[in-house]
Amino acid sequence: MNDTIKLYRGEVFDFTDSPLDRSDAFRYFPDGALVVKEGIIIDCGPFKELEDRYAGCERIDYSGKLIMPGFIDSHIHYPQAEIIGMYGKQLLEWLNDYTFPAEQAFSSPEHAERIARFFVQELFRNGTTTCMAYATVHAASVNALFSVASEYNMCMMTGKVLMDRNAPDGLTDTAVRGEVESRSLIEAWHKKGRNRYVITPRFAISCSNEQLKAAGRLHEQYPDTYIQTHLSENKEEICNTLSLCPGCRDYLEVYERAGLVTDRSVFGHCIHLSDSECRRLAEAGSVIAHCPTSNLFLGSGLYDMRQANRIGMQTTLATDVGAGTSYSLLRTMGESYKVQQLNGYPMSVLESFYKCTLGAAKALHLEDETGSFEKGRKADFIVLDYAATPSQQIRREYLERNGKWELENKLFGLQTLGDDRNIVATYIMGKRM
Ligand code: GUN
Ligand code: ZN
């Protein structure tokens, strides 16, 4: 028996392209198999074709369950794990009242390690195998998250938050210190194992021009690092930003002037953008992280996916915990659907699943590593139970009775009614977490 090769049998599903561009952009094998050797995908197809080719290999039977690439969460704050679901208020007050006090505790490496461990476990429980996360201003918070992720061989993208103004003393650095500390974290962690460094100016309100320019310089020096920040989340935030940055015609220009609008930049939220800002983001190839549970929870507004698609902006889906109210990208897709309903755009379930898997991998330049079941990709995959709750079970029976138990109805049930209860197993590089 060849014990280095494992064959996982189940309903195998992944994308090969964007469902917005092609109706045949996905593969679905109702009785399929995914074949993994030493953490790498070596084959994927109908079980009947693969069972002979891999006779004698270990088999893991998930028949009737869905096997698909793990979710990619493109915007999340690990230091906010403890303040998820705190009552009341919009963005700026929420930051002052809940976020900043919680983030101050990350000056302690022990605290950072404890929360990093909780956070990574919570991602796995929810089927998320890759994320782009904010740490805090403290270098220790970055070391903790990269260290824990490395234990699991997970693709982790994170970086030290830069803020040199409008935040409590314990949470600020300076333009110079932020640059020096970021540089040494990049040298220590970027592309070490599966880790990627993300230069992280929090947002323009908390970063002086000098600091934004330092962030731009760092990215110029290390062009394959990423950049993450927040953009146009809340109307009061936009007013404050424009009054802090006189001479800028709009919010995006503040980041453009610092060289921060690139094809490796991920902008959280982007709710209240002008047409011109949308076009400039699309031209730059920048990525938008749409965070529906957060936007509804903080009353920030409704992201316009149809407009974004029309202009050619690359949108990914993200939880934004702790303003976001769930780690589950199933829940996030469900809320995104409702937000788009309010915009008059009943987004297809294939579009939302794409934006949490291959679409996000492509946007983040990770498609050679994760996000699909193409040969040679790392075996980051999840196994889902379609009917983990009585309500999902009775819905399934109804659809089966009516001959409608088909892929899109199955996925839409997961998206609308699903959460961590539907995640049976999460694998990182072929290892069950
Ligand atoms: N804008 C600046 N910082 C934050 C944050 O931590 N969460 C959210 N939702 N928006 C922000
Ligand atoms: Zn955020």
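Up top is the structure these notes are about.
Below, the structure is looked at part by part.

Basis of the calculations
- Residues numbered from 1 in each chain as written.
- Chains lettered and ligands numbered in written order.
- Predicted model: local features only at pLDDT ≥ 70, side-chain atom pairs only at ≥ 80, totals over all residues.
- Heavy atoms only, no water.
- Helix = DSSP H or I, 4+ residues; strand = E, 2+ residues; numbered from the N terminus.
- Contact = heavy atoms within 4.5 Å.
- Buried < 20%, exposed > 50% of the residue type's maximum accessible area, 1.4 Å probe, protein only.
- Polar contact = N/O pair within 3.5 Å; in protein donor to acceptor, adjacent residues only side chain to side chain.
- Phe/Tyr/Trp six-rings, centres within 6.5 Å; stacked < 30°, edge-to-face > 60°.
- Lys NZ or Arg CZ within 6 Å of the ring centre and 35° of its normal.

**Description of the environment of Gln90**
With respect to the helices and strands, Gln90 occurs in the loop between β5 (71-77) and α2 (91-104). Taking the C-alpha atoms as reference points, Gln90 and Leu298, separated by 208 residues in sequence, lie 4.9 Å from one another. Discounting chain neighbours no more than four positions away, the residues touching Gln90 are Asn234, Leu298 and Gly299.

**As for the side chain of His269**
With respect to the helices and strands, the residue His269 is situated in strand β11 (residues 265-269). Judged by relative accessible area, which is 0%, His269 ranks as buried. Within the local environment of His269, its side chain forms a polar contact with the side chain of Glu233, the two groups lying 3.4 Å apart. Within the structure, His269 has its side chain in polar contact with the side chain of Asp320 (distance 3.4 Å). Other than its neighbours up to four places away in sequence, His269 contacts His75, His230, Leu231, Glu233, Ile288, Ala289, Cys291, Ser294, Asn295, Tyr303 and Asp320.

**Points about the packing of aromatic side chains**
The final tally for this structure, using the stated rule, is 16 aromatic pairs. Residues Tyr337 and Phe412 carry aromatic rings whose centres are separated by 5.0 Å and whose planes lie at 75 degrees to one another, so their mutual orientation is edge-to-face. You can see Tyr337 sitting in helix α12 (residues 329-342) and its partner Phe412 sitting in helix α16 (residues 407-417), a full 75 residues away along the chain. On the basis of relative accessibility, which here comes to 25%, the residue Phe412 falls in the partly exposed class. Taken together, the aromatic side chains of Phe13, Phe15, Phe26 and Tyr354 make up a single cluster linked through ring pairs. Over the face of the ring belonging to Phe47 we find Arg9, whose NZ or CZ atom lies 3.7 Å from the ring centre. Cation over ring: Arg264 sits above Tyr226, and NZ or CZ is 4.5 Å from the ring centre.

**Brief notes about the side chain of Ser352**
Positionally, Ser352 belongs in helix α13 (residues 349-355). With a relative accessible area of 0%, Ser352 lands in the buried category. At a separation of 2.5 Å, a polar atom in the side chain of Ser352 contacts the side chain of Gln415.

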